[in-house]
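If you want the building blocks of each chain, they are given just below.
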Amino acid sequence: MELYKDVSYQLSKRLTLQYSTSFGKSSTLFSKAIQPHIYAIYGLVRIADEVVDTYPGDNKAKVLDDLEVETYQAIALGYSTNPIVHAFALTAQQYGITKELIAPFFKSMRMDLTPQTYTRSTYDAYIYGSAEVIALMCLRVFTRGSAAQYEQLAPGAKALGAAYQKVNFLRDIASDYRERGRVYFPGVQFETFSEADKQTIIEAIKADFATAEPAVNALPISARSAVRLSFLYYQELLKKLERTPTATIKTTRIRIPNSQKLALLVAQKTRKSSS
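A few points on the structure. (Residues numbered from 1 in each chain as written. Predicted model: local features only at pLDDT ≥ 70, side-chain atom pairs only at ≥ 80, totals over all residues. Heavy atoms only, no water.)

**Looking at the overall build of the protein chain**
Of regular secondary structure, the protein chain possesses 13 helices and 0 strands. Its helices and strands in sequence order give the protein chain the pattern α-α-α-α-α-α-α-α-α-α-α-α-α, from N to C terminus. Computed over the C-alpha atoms, the radius of gyration of the protein chain is 18 Å, within 12% of the 19 Å expected from 2.2 N^0.38 for a compact globule of 275 residues. The dimensions of the protein chain, computed from C-alpha atoms along their principal axes, are 55 × 55 × 35 Å. The buried share of the protein chain, reckoned over its 275 residues, is 50%. Taken as a whole, the protein chain presents about 12,900 Å² of accessible surface, with 55% of it coming from carbon and sulfur. Distance from the positive charge centre (34 side chains) to the negative charge centre (26 side chains) of the protein chain: 7 Å. (Helix = DSSP H or I, 4+ residues; strand = E, 2+ residues; numbered from the N terminus. Rg over C-alpha atoms; globule rule 2.2 N^0.38 Å. Buried < 20%, exposed > 50% of the residue type's maximum accessible area, 1.4 Å probe, protein only. Areas by Shrake-Rupley, 256 points an atom, 1.4 Å probe, with all protein chains shown as cover. Lys, Arg positive; Asp, Glu negative; His and termini not counted. Charge placed at Lys NZ, Arg CZ, Asp CG, Glu CD.)

Dropping the structure here:
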């Protein structure tokens with residue numbers, strides 16, 4: 001069982017890093033003790049996302065439902081024949097990640113199965129399930145059983161997850177619309193997406209970052225540098241999106257140059273080693 005456990009966590013890490021180079025850079029700053037658990041969380045999130053976005057069958061809803069059921073069963077048993085689910089289940093058992101956080105995630109994934117026009121309430125619900133609960137799962141790991149610390153940092157963690165998701169929505173507005181028929185921002189039409197629309201979205205994201213920053217700075221040392229790096233990366237991405245005309249955002253995926261990512265990483269590593 002110990003070998004299967006190790007392989008399951010290794011596969012979660014490999015899956016996560018293959019899909020996100022930016023997260024891969026920041027994840028190196030997590031302490032060795034919590035790294036596997038963060039990969040396990042993102043591994044489960046990724047395979048659910050793949051069902052929604054790339055699975056070619058007509059039974060996506062059933063496949064997603066089956067994955068959710070399998071996840072709960074694995075947590076109860078402490079075992080799954082799916083290594084990604086197995087790793088997540090062990091992490092969930094250890095850190096108290098329950099259906100309270102998992103069910104909203106799968107609910108948001110189901111919202112992606114059919115294109116829809118988002119209202120403020122459905123947008124907020126989607127953000128909560130697709131991003132805020134992921135941040136709270138990670139916070140369970142970061143705080144390692146401290147209920148008081150978790151409650152203190154939870155509002156900031158939710159705001160950070162929301163900010164990241166909204167930045168992703170803005171950056172990917174073209175591909176989401178053209179490839180999947182989605183526009184997440186309430187009241188926004190892709191064809192008429194304007195500078196005013198963009199600025200309204202950006203101001204909301206800035207408010208989320210402002211709420212999140214004190215929590216980022218108060219995280220346990222095992223997680224602080226890694227989260228701060230991703231915080232700074234997404235802030236830089238938001239600044240670049242703000243400078244970029246909407247006409248360009250509607251045709252081009254905006255990126256941060258690798259040289260700039262590396263500079264942020266080096267700065268955080270230096271800061272971590274001197275603290």
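So that's the structure; there's more coming.
**Examining the nonpolar core**
The biggest cluster of nonpolar side chains holds 87 residues, and the ones touching the most others in it are Phe30, Phe88, Leu139, Phe142 and Phe209. Non-local contacts of phenylalanine 142, meaning those with residues more than four positions away in its chain, are made with Phe30, Ile34, Ile38, Leu219, Pro220, Ser222, Ala223 and Val227. (Core = buried A, V, L, I, M, F, W, Y, C linked by side-chain atoms within 4.5 Å. Contact = heavy atoms within 4.5 Å.)

**What about the environment of serine 259?**
By the secondary structure assignment, serine 259 is in helix α13 (residues 258-274). Along the primary structure serine 259 and lysine 269 are separated by 10 residues, whereas in three dimensions their C-alpha atoms are 15 Å apart.

**Some thoughts on helix α9 (residues 173-180)**
What α9 keeps buried is the set Ile173, Ala174 and Asp176. Residue glycine 181 follows α9 closely and has a positive phi angle near 70 degrees.

**Side note on the environment of threonine 248**
You can see threonine 248 is positioned in helix α12 (residues 246-249). Residues threonine 248 and alanine 174, spaced 74 residues apart in sequence, show a C-alpha to C-alpha distance of 9.7 Å.

**Looking at the packing of aromatic side chains**
Considering all chains together, one arrives at 17 aromatic pairs under this definition. Members of the aromatic cluster, joined through ring pairs, are Tyr118, Tyr123, Tyr126, Phe169, Tyr184 and Phe185. One cation-aromatic arrangement involves lysine 250 over phenylalanine 190; the distance from NZ or CZ to the ring centre is 5.2 Å. (Phe/Tyr/Trp six-rings, centres within 6.5 Å; stacked < 30°, edge-to-face > 60°. Lys NZ or Arg CZ within 6 Å of the ring centre and 35° of its normal.)

**Some details on the packing of helix α3 (residues 35-53) against helix α7 (residues 120-143)**
At a minimum axis distance of 10 Å, the contact between α3 and α7 shows a crossing angle of 160 degrees. Taken together, α3 and α7 sit at an angle that is classed as roughly antiparallel. In this structure, α3 crosses over α7, and the sense of that crossing is right-handed. Where α3 abuts α7, its residues His37, Ile38, Ile41, Tyr42 and Val45 lie against Ile134, Met137, Cys138, Val141 and Phe142. (Axes fitted to C-alpha atoms, helices over the stretch in contact; angles between N-to-C directions. Parallel < 35°, antiparallel > 145°, perpendicular 65-115°, else oblique. Left-handed = near helix turned anticlockwise from the far one by under 90°.)

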